[in-house]
Amino acid sequence: MNHFETLFQPMPLGRGGVTLPNRLLMGPMTLNQATDSGHITPWIVDWYRRRAEGGIGAIIGAAVFVSQGGRGWANAVGIADDSYTEGWARCVAAAHAQGALFGTQLFHGGAASKVALLGQQPVSASEWTREGFDPARALTGDEIEQIIADFAAGARRSLEAGCDFVELHGAHGYLLHQFWRQDVNRRTDQWGDPVAFPVAVTRAVREAIGPDVPLLYRFSIHADAPDAPNHPVTPESLRTFLEALEGAGVDVWDISCWRESRRGYFGTEVFLPDWVQRFSNKPRIVAGNLLTPEEGAAYLEEGHAEAIALARALISDAAWANKARRGESAAIRPFSEEDRQAINRGIDPGA
Ligand SMILES: Cc1cc2nc3c(=O)[nH]c(=O)nc-3n(C[C@H](O)[C@H](O)[C@H](O)COP(=O)(O)O)c2cc1C
């Protein structure tokens, strides 16, 4: 019987002696079950508790807005002032009671928002309208400084809540990513350098959390084909980005591949995490369509990642990890779109 030993080896998480009990993290998932103000509800605590009970080694909490102007969705979670800290402390305690680590994913949606949600116009690096959202205006220099401070304050609150690590959400076209994207960031001031804002946020967060707390950075790539319009990411620009962020204090990459963790990037057959390894020797967590223990273990054994982040698989089965460890892969309830929809009705389909 296959007990997927590869998935159950402990791993140092960057620094501070923090150790992942196994190679399985729950990736961040926004489920819109918070209060209207973005405070944690008992539903959310129970959601995390069940995944920790189910044997996952660490939980990356959902994208959490660090500024009120950075909200992306109704009933998504926040950490924008001290009133939010206590709720996160309950999430952390639920994870710790089962031996799982917990960290927040600090987030600002930037242009991925609407006036109806924010009560004001969304903001971005430059004027930009993201498809499906309202037109965003360019941030002023002072506003950028304030958002950097908001990320740092969110990191401080995460530690006050007991988090073992923090992650920056630099992926999926949200504010950190908007600055990196040269088709969005057309600024002519100091923030026009595509890595300047991600680096400034990373530095500020590193300063807030001190030298002993692991800092994860999630990123994704919006365009990597040589003929892609709007300044595709190239191997050279990826290298610049990774080196700058590493210098600013990132310990671990959380590489978001969506459904494409087995696709070659930059016109080659080399997967994205293997490109990352060429430029950085930091550990790689990879997220993207690794739904079964067989797929997850193979990905690690082939050397594409040091750990994997599961999202949809854990919607449908909170006990995924324990079943894998017992060699009961066939007993795992597979992800279905119906399960994801059930969450909107307040049901936890993986319970
Ligand atoms: C319901 C749902 C909510 C998500 N919310 C977030 C989020 O808040 N932050 C983030 O970085 N990714 C988010 N993602 C992306 C997942 O973390 C993950 O990267 C993606 O689903 C691919 O992994 P999977 O194939 O294991 O689902 C979300 C995905 C789903 C399905």
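Quantities reported herein were computed from a predicted structural model and do not represent experimental measurements.

One turn of the α-helix equals 3.6 residues, which is why residues spaced by three or four share an orientation. The terminal C-alpha atoms of helix α2 (residues 85–96) lie 16 Å apart, and with twelve residues this matches the ideal 16 Å at 1.5 Å per residue to within 8%. Contacts from the buried residues of α2 go to α1 (42–53), β4 (58–65), β5 (101–107) and α4 (141–160).

So, on to the packing of α1 against α2. Relative to each other, α1 and α2 sit at 20°, their axes nearing to 8 Å. If you check the angle between α1 and α2, you find them roughly parallel. Judged by the sense of rotation from one axis to the other, the crossing of α1 with α2 is right-handed. Residues I44, V45, Y48, R49 and A52 of α1 lie in contact with α2, whose contacting residues are R90, C91, A94 and A95. Taken together, the residues that form the contact of α1 with α2 break down as seven nonpolar, no polar and two charged.

So, about the packing of helix α7 (residues 235–248) against helix α8 (residues 272–279). Contact pair α7 / α8: the axes reach a minimum separation of 10 Å and the direction vectors enclose 60°. Between α7 and α8, the angle is such that the two are oblique. Relative to α8, the crossing made by α7 is right-handed. In contact with P235, L238, R239, L242 and E243 of α7, α8 contributes W275, V276 and F279.

Before going further, it helps to spend a moment on the sheet that holds strand β12 (residues 307–310). Taking strand neighbours around the barrel as the criterion, the eight strands line up as β3-β4-β5-β8-β9-β10-β11-β12 in a closed arrangement whose pairing is parallel. Strand-to-strand twist in this sheet, taken as the mean axis angle between neighbours without regard to direction, amounts to 25°.

Rules used throughout
- Within any chain, residue numbers begin from 1 and follow the written order of that chain's sequence.
- In keeping with the predicted nature of the model, local features appear solely for residues at pLDDT of at least 70, side-chain atom pairs appear and are counted solely at 80 or more, and the whole-chain, interface and lining totals rest on all residues.
- Note on conventions: DSSP H or I runs of at least 4 residues are helices, E runs of at least 2 residues are strands, and numbering of each starts at the N terminus.
- Under the convention used throughout, the expected extent of a helix is 1.5 Å for every residue step, that is, one less than its residue count.
- C-beta atoms are first placed from the backbone for all residues, and any pair lying within 7 Å is then listed as a contact.
- Helix axes use the C-alpha atoms of the stretch in contact, all axes being lines fitted to C-alpha atoms, and the angles between their N-to-C directions lie in the range 0 to 180 degrees.
- The cut-offs work like this: below 35 degrees is roughly parallel, past 145 is roughly antiparallel, 65 to 115 is roughly perpendicular, and the gaps in between are oblique.
- Each helix crossing is assigned a hand: it is left-handed if the near helix lies turned anticlockwise from the far helix by less than a right angle, otherwise right-handed if that turn is clockwise.
- Any residue that is not Ala, Val, Leu, Ile, Met, Phe, Trp, Tyr, Cys, Pro, Asp, Glu, Lys or Arg is counted as polar, Gly included; the first ten are nonpolar and the last four charged.
- For two strands to be treated as a pair, DSSP must find at least two bridges joining them.

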